[in-house]
Amino acid sequence: MTKQVLILPGDGIGPEITAEAVKVLNALNASDGLDIEMTEDLVGGAAYDAHGLPLSDETMAKAQAADAILLGAVGGYKWESLDISVRPEKGLLRLRSEMKLFANLRPAFLYPQLADASTLKPEVVAGLDILIVRELTGGIYFGQPRGIRVLDNGERQGFNTYVYSESEIRRIAHVAFKAAMKRDKKLTSVDKANVLEVTELWREVVDLVAVEYPEVEVKHMYVDNAAMQLILNPKQFDVMVTGNMFGDILSDEASMLTGSIGMLASASLDENNKGMYEPSHGSAPDIAGKDLANPLATILSAAMMLRYTLGREELAVKIENAVSKVLDQGLRTGDIYSEGMTKVGCREMGDAVVAAL
Ligand code: IPM
Ligand code: MG
């Protein structure tokens, strides 16, 4: 049966990079019996400009009805001074929250061809293959109460609440342990249990879940140390599991080990592997519309969509091999460029991936 995919290009470089991923998916529709129908809609600043909201109820309903969603990026200078309740990012957060996409998988995989593109020494990053499992619908991003209040002395005070319930920790821990079982069976859970009670509970619950996965070697690490270890010796990590905010920060850091955040794909899954797929990077308004963006993270996110939601592992591998082939050919967008390579724009990179399929 034809599967429905909702494309939400968003803002900044979003439309350019999703267009290249759509090209790749169309090519697979034509030649490999990928049976998907794609429709496009607005999210983020683009939706705000059209409807006064970063995600309309109609778009939300379409997202709920779709089999999978491919999203570009949201946000930009133009919308930064809006009230926080209608900022572009709220559109993305509403999608994650209402669709219950609690499991965010962010693989930081170094293509051997890009070992030189990282700011770290090639021997530190060569062979790097980390999976960050980030809890995506809880923690300080969504905790109540939150806001900015005026104190008795007239001073304003900002506040957010960092909360995790046992069930939220348990379900993300299971996702991480299952992922570890399919990989090198090593799991590092990242917390700040020396200071924050919420992560003391996190640590306890992860240890309880660990009993069900005796083959997986579990380590706990404080987030500050984890940030340091990622730079010092990143290859010690296989799967990392952590809460929403720590995962946001550590996944940006990990992306740089792979040469560029322009290479990092992600999947956000619900209990039934229905998912939204997006590059881990932002909307890069400074280079938007200039054909300079790297579309590979979005194309690799489309591959994850075929793997996790659409059940077409062989086509996911086909896309990943095509990406590897264009890197072999020496094609590089600006963010991963190094001397002796051929610099290409966003469109040319997408075309090259389609040709390599
Ligand atoms: C990400 C982004 C988002 C986040 C923003 C755009 C809300 O940084 O997906 O990592 O903080 O989760
Ligand atoms: Mg982020």
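Described below are features of the structure shown in this document. Computed from a predicted model, the values in this text were never measured in an experiment.

1. Looking at the layout of surface pockets
(1) Moving on: Roughly 910 Å³ of volume is contained in the largest pocket.
(2) Moving on: If you go around the largest pocket, you meet 28 residues; those closest to its centre are L105, L131, M304, R307 and Y308.
(3) Moving on: Residues belonging to the lining of the largest pocket are distributed by class as follows: 17 nonpolar, two polar and nine charged.
(4) Moving on: A domain split of the lining of the largest pocket shows at least three residues from each of domain 1 (1–102 + 270–357) and domain 2 (112–130 + 141–262).
(5) Moving on: Its volume calculated, the second largest pocket comes out at about 510 Å³.
(6) Moving on: Top contributing element to the lining of the second largest pocket by residue count: helix α4 (residues 88–98), with five residues.
(7) Moving on: For the lining of the second largest pocket, the residue count by class is seven nonpolar, five polar and ten charged.
(8) Moving on: Both domains that furnish three or more residues to the lining of the second largest pocket are identified here as domain 1 (1–102 + 270–357) and domain 2 (112–130 + 141–262).

2. What to know about the packing of helix α3 (residues 57–65) against α4
How two helices pack is summed up by the angle between their axes together with the distance between the axes.
(1) Moving on: Taken N-terminus to C-terminus, the directions of α3 and α4 make an angle of 40°; their axes are 11 Å apart at the nearest point. The angle between the axes of α3 and α4 places the two elements in the oblique class. At the point where α3 passes α4, the crossing takes the right-handed sense. Of the residues in α4, those touching α3 at D57, M60, A63 and Q64 are R94, L95 and E98.
(2) Moving on: Grouping the amino acids of the contact of α3 with α4 by side-chain chemistry returns three nonpolar, one polar and three charged.

3. Describing the site of ligand 1
(1) Moving on: Lining the immediate environment of ligand 1, one finds E89, L92, R96, R106, R134, Y141 and D248.
(2) Moving on: Here R106 contributes a side-chain N or O atom positioned 2.8 Å from an oxygen atom of ligand 1.
(3) Moving on: A total of 320 Å² of accessible area belongs to ligand 1 in isolation, and the protein chains cover 78% of it.
(4) Moving on: Per-element accounting of the shell around ligand 1 gives the leading share, three residues, to α4.
(5) Moving on: Looking at the shell around ligand 1 residue by residue, the class counts come to two nonpolar, no polar and five charged.

Parameters at a glance
- Residues numbered from 1 in each chain as written.
- Chains lettered and ligands numbered in written order.
- Predicted model: local features only at pLDDT ≥ 70, side-chain atom pairs only at ≥ 80, totals over all residues.
- Heavy atoms only, no water.
- 1 Å grid on protein atoms, 1.4 Å probe; cavity = no way out; pocket = protein on both sides within 12 Å on 5 of 7 lines; lining within 4 Å.
- Points joined across faces, edges and corners; volume = space filled by probe spheres on them.
- Nonpolar A, V, L, I, M, F, W, Y, C, P; charged D, E, K, R; others polar.
- Domains from an automatic or database assignment.
- Helix = DSSP H or I, 4+ residues; strand = E, 2+ residues; numbered from the N terminus.
- Axes fitted to C-alpha atoms, helices over the stretch in contact; angles between N-to-C directions.
- Parallel < 35°, antiparallel > 145°, perpendicular 65-115°, else oblique.
- Left-handed = near helix turned anticlockwise from the far one by under 90°.
- Contact = heavy atoms within 4.5 Å.
- Near = heavy atom within 4 Å.
- Polar contact = N/O pair within 3.5 Å; in protein donor to acceptor, adjacent residues only side chain to side chain.
- Areas by Shrake-Rupley, 256 points an atom, 1.4 Å probe, with all protein chains shown as cover.

The analysis is restricted to geometry; functional conclusions fall outside its scope.
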